[in-house]
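Below are the chains, spelled out letter by letter.
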Amino acid sequence: MAEGPDPGFGGVFAGRRVLVTGHTGFKGGWLCLWLQQLGARVTGLALAPEPGPSFFAACGLDQALDSRIADIRDPGALAEALAGADAEVLFHLAAQPLVRRSYQAPAATFETNAGGTAHVLDAALRMPSLQAAVVVSSDKCYENREWDWGYRESDPLGGHDPYSASKACTELVAGAYRNAFFAAPDGPQLATARAGNVFGGGDWGAERLVPDLARAAAADQPLQIRRPQAVRPWQHVLEPLSGYLALAARLLGPEGAEFAGAWNFGPPLAGTVTVRELTALFCAAWGAGAPKMDFSPAEDGPHEAGLLRLDSTRARLRLGWQPQLALPEAAAMTAEWYRAFQDGGTGMAALSRAQISRYSSLMAADADRTGIRRQPAAQ
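The rules behind each value
Residues numbered from 1 in each chain as written. Predicted model: local features only at pLDDT ≥ 70, side-chain atom pairs only at ≥ 80, totals over all residues. Heavy atoms only, no water. Buried < 20%, exposed > 50% of the residue type's maximum accessible area, 1.4 Å probe, protein only. Helix = DSSP H or I, 4+ residues; strand = E, 2+ residues; numbered from the N terminus. Pairing = 2+ DSSP bridges. Phe/Tyr/Trp six-rings, centres within 6.5 Å; stacked < 30°, edge-to-face > 60°. Salt bridge = Lys/Arg side-chain N within 4 Å of Asp/Glu carboxyl O. Axes fitted to C-alpha atoms, helices over the stretch in contact; angles between N-to-C directions. Contact = heavy atoms within 4.5 Å.

Digging into the pairing of strand β10 (residues 261–265)
1) Next: Counting buried positions along β10 gives 5 out of 5 residues, so the element sits mostly inside the fold.
2) Next: Taken together, the 5 bridges between strand β6 (residues 189–195) and β10 define a ladder with parallel strand orientation. Counted as the bridge partner of alanine 195 is phenylalanine 265 from β10.

A short note on the packing of aromatic side chains
1) Next: Evaluated as defined, the whole model comprises 16 aromatic pairs.
2) Next: When the ring of tyrosine 177 is compared with that of phenylalanine 181, the centres are 5.3 Å apart and the planes differ by 55 degrees; the resulting orientation is tilted. Highlighted residues: tyrosine 177 and phenylalanine 181, both in helix α7 (residues 162–181), separated by 4 residues, approximately one helical turn.
3) Next: Note on tyrosine 177: relative accessible area 13%, which makes it buried.

Re the pattern of salt bridges
1) Next: Here the structure, examined in full by the defined rule, presents 15 salt bridges.
2) Next: A salt bridge links arginine 358 to glutamate 336; its shortest N-O distance comes to 3.3 Å. One end of the pair, arginine 358, is in helix α13 (residues 348–370); the other, glutamate 336, is in helix α12 (residues 327–342), with 22 residues separating them in the sequence.
3) Next: Residues joined by salt bridges that share partners form a network here, namely Arg16, Arg17, Asp86 and Glu88.

Observations concerning the environment of alanine 288
1) Next: Along the chain, alanine 288 turns up in the loop between α10 (275–286) and β12 (293–294).
2) Next: We classify alanine 288 as exposed; its relative accessible area is 66%.
3) Next: Each C-alpha atom, one on alanine 288 and one on alanine 217, is 9.7 Å from the other, the two residues being 71 residues apart in sequence.

Some points on the sheet that holds strand β9 (residues 231–236)
Through backbone hydrogen bonds, the strands of a sheet pair up, either in parallel or in antiparallel fashion.
1) Next: Spatially, β7-β9-β11 is the arrangement adopted by the 3 strands of the open sheet, whose pairing is mixed. The two strands at the open ends of the sheet, each matched to only one other strand, are β7 (197–199) and β11 (272–274). Neighbour-to-neighbour, the strand axes of the sheet open up by a mean angle of 50 degrees, direction not taken into account.
2) Next: Here β7 pairs with β9 via 3 bridges, running parallel. Looking at the pairing, phenylalanine 199 lines up with histidine 236 of β9.
3) Next: Most of the contacts of helix α9 (residues 238–251) go to β9, to which it runs at about 70 degrees, and overall it touches β7 and β9.
4) Next: Along the sheet face, α10 touches β7, β9 and β11 and points at about 90 degrees away from the line of β11.

Set out below in structure tokens:
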């Protein structure tokens, strides 16, 4: 059986200097914690965490890594904050991540998600040691036709709302930089990653289903569900993060240029369910004290996609990436995290590391069962 703290990535991150933008956010915080478990030397760059609880604060990441605060929309502030940083690997997650907020601040959403990506990549190009960059986009970057089958990486980009369109722009920006500045086969390589609707412990994003459920449970209040029949590709946060890590590991390898480009990291068909179904799974996992649901029609709001699926065949075949968690298990891990936080919030970093270790064990068992290795041995 595969053993050790790094069963999936061949030890390629041990001792490496890694820059994570968006480290004060939900996904970025989990990624930093995982990278540290893999032995990486992590620097984070982001805005200060928003007021209120956060994964960043709950896990003490401000004390656990080199945390630098700047707005990626400001190239001068970004350059000043990154002075002296020379990363070998970049994970760019800093973004305005909320669809409904993009209706309230559309220009700022484009400035952050498209312009900010260009500023981050400009900064990365000034790092002599850079070898690999993964720009994290979204499943919503596709021109959504509300069809039944999953979108593939070759399908057209688009976006009905400002957030979705800004993520399509992020892909175009990254593609232009890849063609213009990351094209040398023996130079640094750039890829983009498109994930589904992510949930897990420590997300307090506004008007997001699982954080809303956790807040309602903590306050013992009912929750109105806006669009219970909307279908989304739901996945625990560790699922796409394992894909980002597998992708970066390949970019660092001797054939890294073959892995530049766009990649989907979505759940299997069983993970693409309605809002109502995921709500039921979360409430069942929460148990006593789960919030009461109000499924009465909500007031009309801004347009949101009704059906969205991803096709991750490419990642499965070429990266050996495979989702590990059935939705009930993912919901149980998420409820475990929020309940522990509600019960006092001590030891959240240890609980989060334990969940990463449990997930890594599933990866190791999957590799033993299938014989598929995600990454060659470290070079």
